[in-house]
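Close look at the chain arrangement
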There are 2 protein chains.
Amino acid sequence: MTGQIMPFWLKQRAFLTPQRTALIGDGEKVTFAELDRRARHLASCLAGLGIKQGDHVALLMPNRVLTVELIHAIAYLGAVTVPLNTRLTPPELAWQLNDVNASFLIYDAVYSDKINGLRDQVTCLIHDANCLKGRRHSNVNLKEHIDLDDVHTIIYTSGTTGRPKGTLLTFGNHWWSAIGSSLNLGLNRNDRWLCCLPLFHVSGLSIIMRSVIYGMTVVLHDKFDPVRVNESIKRDKVTMISVVTAMLSAMLDNLSDPGYPQHLRCVLLGGRPAPLPLLETCVSRSIPVYQTYGLTETASQIVALSPDHLLAKVGSAGKPLFPAQLRIVNNGKEVKAGEVGEIVVKGPNVTRGYYKQEEATAQAIQGGWLYTGDMGYVDEEGFLYVLDRRDDLIISGGENVYPAEVEAALLTHPDIKEAGVTGMPDPQWGEVPVAFIVTRPGAKLTEAELNQFCNKLLARYKVPKAFYFVNRLPRNASNKLLRRELRALIRQQG
Amino acid sequence: MTGQIMPFWLKQRAFLTPQRTALIGDGEKVTFAELDRRARHLASCLAGLGIKQGDHVALLMPNRVLTVELIHAIAYLGAVTVPLNTRLTPPELAWQLNDVNASFLIYDAVYSDKINGLRDQVTCLIHDANCLKGRRHSNVNLKEHIDLDDVHTIIYTSGTTGRPKGTLLTFGNHWWSAIGSSLNLGLNRNDRWLCCLPLFHVSGLSIIMRSVIYGMTVVLHDKFDPVRVNESIKRDKVTMISVVTAMLSAMLDNLSDPGYPQHLRCVLLGGRPAPLPLLETCVSRSIPVYQTYGLTETASQIVALSPDHLLAKVGSAGKPLFPAQLRIVNNGKEVKAGEVGEIVVKGPNVTRGYYKQEEATAQAIQGGWLYTGDMGYVDEEGFLYVLDRRDDLIISGGENVYPAEVEAALLTHPDIKEAGVTGMPDPQWGEVPVAFIVTRPGAKLTEAELNQFCNKLLARYKVPKAFYFVNRLPRNASNKLLRRELRALIRQQG
């Protein structure tokens, strides 16, 4: 069975609105016609290097115009993009490349030191403005059409099991996400969406997808800098921006004007539920902040506040995007308004599952409904209030940290008998991971040693900011670790 | 195989944006919540009267709020709406009701005189504000979800074969039409689309569909009156309006201001290609006129000018709506830019075919491409220029008149041996049909007699405005009528 067939998005966009600006970034403006020309050229180069339909091509790239070109070029070949988090350590990268059966890794020179150990495992191609020149494959068939059921991207996300899982995102998932968002927020020919979130996250990637579907300009920042973002909003006539709480706070701290220019019509706020005082500050300063709720598995936001309810429903993440659906489930049953339960969602933007993980897929998606593990409730009118992301998830500076993954890394240390990880509030990052350690008898471990040990294995944002040595970890009758009770141990220690 | 499943549109709209205005018409404002309440109530009444899933329910209704409620109510029951042209004669109505296997006909009191002869054929239900009260079916299952592959509407359109054919339009056809249009024209929460085209045409009906998909207000006029339309645009803060050339001319003739208010951002112009002077007048008066090209079979526009090219491409119908496609074909092959051929289109808004007409369907749709019969060319950049609607089609005041249908009616007269019908330019209606008659030997027919005869069989707009008696009709070697050469006969007569 095939899904809806449609013209290749970038090709169609270059045909329909060739002279519109697709991208502003790296000091240049790129039209859709030019972006398409470059992506086609790049695709033929990649074909010359051996990349073909069905290949899994991993990217270790910063937020550059080149990266956007690559994403389209890979799709033009019918290959699948696997965007890698650039903050991962070499062992973490090796694990994901192996798990996803990547045949190629395309990386930027700035990450050269990370890939030395990976060359045996995968063909590594360095990519900068000049590197692929002259290798052009003269006779390559670029995709004319796409099938919405075909996989576009595999993005890794962790779960409670310790190891990340590759979320399959189809063209259709990206398409319906873009359409659902446009039906909620509207669509304007003058829209310009500022992207200062990483392109290896679905939050950043989805902006690039919307760009070719809508014919919309993306203002691409290589990283988040609140001063530069504030300047860019003004200078580049930005109308939309996606941020997480910590970023919005930093932007407001660095904003000299009372508010933002009128043309900024939408600040999409993802990640953990925002603190109410921050939202109220935005309301009082007429900053149009829309709380949203989404996951990698939903190809970005699936629930979002609408312009109709911006002021009346401060604190809510809104309602499901047309045509998605939402339920709150407790003990296998949908609960009434006001009752807390697990957030369960359905819709054409929801992943069909995890790569090679049938069991995990069957557990997460039941009858078409994705069980998110996050807790929340809906009010009488159906507005979602997210109480907390799933109880073991830590969101630090916009990055998801999964305690089970950090614990698994700690447990590879010969002197560690048990490990438990949880999040602690942090003024700069929102949250940071901290670890609780039970050492083996006779072992003498220091915090400095453990810090060094973790830095080798884990991306920096996953490394616990504190290590507490304890006699035993809180567990329930069936010996399951009770992460929620870990924090209480600090007080006991104090 | 089923298509994409999604929540029932009106239900979802009433959930997402209950307090937004859905309709302004008949002297009232109706919110989406209220429209949904009424449609549900009406659906249970209709169920009480025996209408059930899969039924074909014909509507003979004017442009009223009630009609919109009915269209949603019928869909809520899983039945199919068959909107009937209210200008048809009783014999024409009878034919369509029979052809479509309608089990019910719902009509407005103003058309009571038309349906007397139909009562044996179909259950006729009169519908006005009070009539269906008290018959409510207490226990009816209203649709919670729709399948985009399910048929929503059957709309009759004629062809070269003389008899109208029922075009099947699915929920998906309407959905993709709405989405394609929004990706071209943008979507604004303040949009208000004025509908003065009949709801029994796809041009009017599609506005109602967009309303529930977008969450957009429709300003519904019971008929086209240029003075009232001009007033309404101002008073009701209309942003979009769909018209045909004759309507736009009349609006401009009655406009005292130099142009329209800024909030009118889009005048969608359908039907035959507009005369260039009219378009140039609009440009000079800053009236944002977008030429479009569409058919019943494409669920309204499938090619439309975009805001980017409004001024540079005056006279073009634009490019296909994302994600539809367009080809110009001559002798079975796609021709180059600039070369004239048949307009052939493809996309998810294109009908899957005609009801019970496998042969006609197979002829019209080949390999997913719809052969429109209309002629045109694309320029080097891919912009469509429609040269003429299919050579036998007459468009009179926005209504399609098919010569073969009029000829077939004429040939039922015992004194007529041959009949040929073609269009003549008309200052008021754009075009009017005229007939060329070869009488049987010895017959003495007058124009007045023929006029009376036709008025019994044909809707008024199909009745020839002139009858020319000739000795023979122009035919080619295989005896096929050459309608294009008919006009020359007038000059010969003169």
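Under an unreviewed UniProt entry, the name given to chain A is 2-succinylbenzoate--CoA ligase, and the source organism is Caldalkalibacillus thermarum.

Moving on, we come to the relation of the copies chain A and chain B. Relating one copy of the chain to the other takes a rotation about an axis and a shift parallel to that axis. Between chain A and chain B, which share one sequence, the superposing operator has a rotation angle of 180° and an axial displacement of 0.0 Å; the RMSD is 0.1 Å. As the rotation angle and translation indicate, the two copies are arranged about a two-fold axis. Within chain A, Leu187(A) has its C-alpha nearest the rotation axis, a separation of 2.4 Å. Comparing interface residues between copies, 100% of those in chain A also sit at the interface in chain B, which points to an isologous, same-surface contact.

By size, the foremost hydrophobic cluster in this structure holds 142 residues, and its most contacted members are Trp9(A), Trp175(A), Trp9(B) and Trp175(B). Setting aside chain neighbours within four positions, we find Trp9(B) in contact with Phe322(A), Ile146(B), Leu148(B), Phe171(B), His174(B), Trp175(B), Met209(B), Val212(B) and Ile213(B).

Right, let's talk about the sheet that holds strand β15 (residues 289-295) of chain A for a bit. Residues and elements named next belong to chain A. A sheet is described by the order of its strands in space; here nine strands give the open sequence β3-β2-β12-β11-β13-β14-β15-β16-β17, paired in mixed fashion. Of all the strands in the sheet, the pair left with one neighbour each is β3 (28-31) and β17 (319-320). Strand direction decides the pairing type here: strand β16 (residues 300-304) and β17, joined by two bridges, are antiparallel. Within β17, the position partnered with Val303 by the bridge is Pro320.

Below, the discussion takes up the packing of aromatic side chains. What the rule picks out here adds up to 17 aromatic pairs over all chains. Centroid distance Trp175(A) to Phe322(B): 5.7 Å. Interplanar angle 20°. Geometry classified as stacked. You can see Trp175(A) sitting in helix α6 (residues 171-185) and its partner Phe322(B) sitting in the loop between β17 (319-320) and β18 (325-330), one on each of two chains. Since its relative accessible area comes to 2%, Phe322(B) is described here as buried. Here a set of aromatic residues connected by ring pairs shows up, and it is made of Trp9(A), Phe171(A), Trp175(A), Trp176(A), Phe322(A), Trp9(B), Phe171(B), Trp175(B), Trp176(B) and Phe322(B). Stacked on the ring of Tyr354(A), the Lys or Arg Lys165(A) has its end atom at 4.8 Å from the ring centre. Seen from the ring of Phe15(B), Lys319(A) lies directly overhead, with NZ or CZ sitting 4.5 Å from the centre.

The next subject is the sheet that holds strand β13 (residues 240-244) of chain B. All names here are of chain B. A sheet is described by the order of its strands in space; here nine strands give the open sequence β3-β2-β12-β11-β13-β14-β15-β16-β17, paired in mixed fashion. Here the strands that pair on one side only, and so sit at the sheet edges, are β3 (28-31) and β17. Across four bridges, the pairing between strand β2 (residues 21-25) and β3 is antiparallel. Bridge pairing links Ile24 to Lys29 in β3. The strands that helix α2 (residues 32-48) touches are β2 and β3; relative to β3, the one it contacts most, it runs at about 85°.

Cut-offs and rules
- Residue numbers run consecutively from 1 along every chain, following the written order of its sequence.
- Labels follow written order: the first chain is A, the first ligand is 1, and so on.
- Only residues with pLDDT of at least 70 get local features here, since the model is predicted, and only at 80 or more are side-chain atom pairs given and counted; chain-wide, interface and lining totals rely on the full set of residues.
- The side-chain numbers reported here are obtained from all heavy atoms of the structure, hydrogens and water having been left aside.
- To superpose the copies, least squares is applied to the C-alpha atoms of every residue with a pLDDT of at least 70 in both.
- Any two residues whose heavy atoms approach within 4.5 Å are treated as being in contact.
- By nonpolar core we mean a set of buried residues, namely Ala, Val, Leu, Ile, Met, Phe, Trp, Tyr and Cys, connected to one another through side-chain atoms within 4.5 Å.
- Categorising residues by exposure relies on relative accessible area from a 1.4 Å probe, with only protein chains included: less than 20% of the type maximum marks a residue as buried, more than 50% marks it as exposed, and the intermediate range marks it as partly exposed.
- A pair of strands is considered paired only if DSSP assigns at least 2 bridges between the two.
- Note on conventions: DSSP H or I runs of at least 4 residues are helices, E runs of at least 2 residues are strands, and numbering of each starts at the N terminus.
- Pairing of aromatic rings covers Phe, Tyr and the six-membered ring of Trp, with a centre-to-centre limit of 6.5 Å; geometry is then stacked below 30 degrees between planes, edge-to-face above 60, and tilted otherwise.
- Look at NZ for Lys and CZ for Arg. If either is within 6 Å of the ring centre and within 35 degrees of the ring normal, a charge sits over the ring.
- As a rule, the C-alpha atoms of each element are fitted with a line to give its axis, helices using only the stretch in contact, and angles between N-to-C directions run from 0 to 180 degrees.

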